[in-house]
Amino acid sequence: VQLVESGGGLVQPRGSLRLSCAASGFTFSSYVMNWYRQAPGKERELVAGITTGVGRTNYADSVKGRFTISRDNSKNTVSLQMNSLNPEDTAVYYCNARGELVFRGRDYWGQGTQVTVSS
């Protein structure tokens, strides 16, 4: 099983970044996909999630209206479009896959990608 994040980096305030996560080794379409982040000295928090099937989305209040999560089951990828970034968005962002139905209880994580918002 692999989850490989990409797209992180340094961006100025009010800028945009697009994170991607490439998944392999499991039945991607049967997993809820999430993006978490962890800032220095803080607990890991859920940023956005997208379900299987119709792909319902949910967002942390702090990113609603600025971030958009999407998935492509044909390519086994999940993305996070981040707009209007501010310094409080600085964190390591992690891709997470959480199994449903027969895969319930399986939980996979990527290695993380650093996002730094600074002028």
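Here is what the cut-offs are and how they apply
Residues numbered from 1 in each chain as written. Predicted model: local features only at pLDDT ≥ 70, side-chain atom pairs only at ≥ 80, totals over all residues. Heavy atoms only, no water. Helix = DSSP H or I, 4+ residues; strand = E, 2+ residues; numbered from the N terminus. Buried < 20%, exposed > 50% of the residue type's maximum accessible area, 1.4 Å probe, protein only. Phe/Tyr/Trp six-rings, centres within 6.5 Å; stacked < 30°, edge-to-face > 60°. Lys NZ or Arg CZ within 6 Å of the ring centre and 35° of its normal.

A.B. asks: When you look at unusual backbone geometry in this model, what are you seeing that I'm missing?
C.D. replies: Trans is the common state for peptide bonds, and a negative phi is the common state for residues other than glycine. For Arg14, which is not glycine, the phi dihedral falls at a positive 75°. Tracing the backbone through its elements, the reader meets Arg14 in the loop between strand E2 (9-11) and strand E3 (17-24). Given the relative accessible area of 73%, Arg14 is considered exposed. One non-glycine residue, Leu101, adopts positive backbone phi at about 55°. Position of Leu101 among the secondary structure elements: in the loop between strand E9 (91-99) and strand E10 (107-109). For Leu101, a relative accessible area of 70% puts it in the exposed group.

A.B. asks: Would you mind going over the packing of aromatic side chains with me for this structure?
C.D. replies: Across all of its chains, the model carries six aromatic pairs by this definition. An aromatic cluster is defined as three or more aromatic residues linked by ring pairs; in this entry it consists of Phe26, Phe28, Tyr31, Phe103 and Tyr108. Above the ring of Tyr94, the side-chain terminus of Arg44 is found at 3.8 Å from the ring centroid. Positioned above the aromatic ring of Trp109 is the side chain of Arg44, whose terminal nitrogen or guanidinium carbon lies 4.7 Å from the ring centre.

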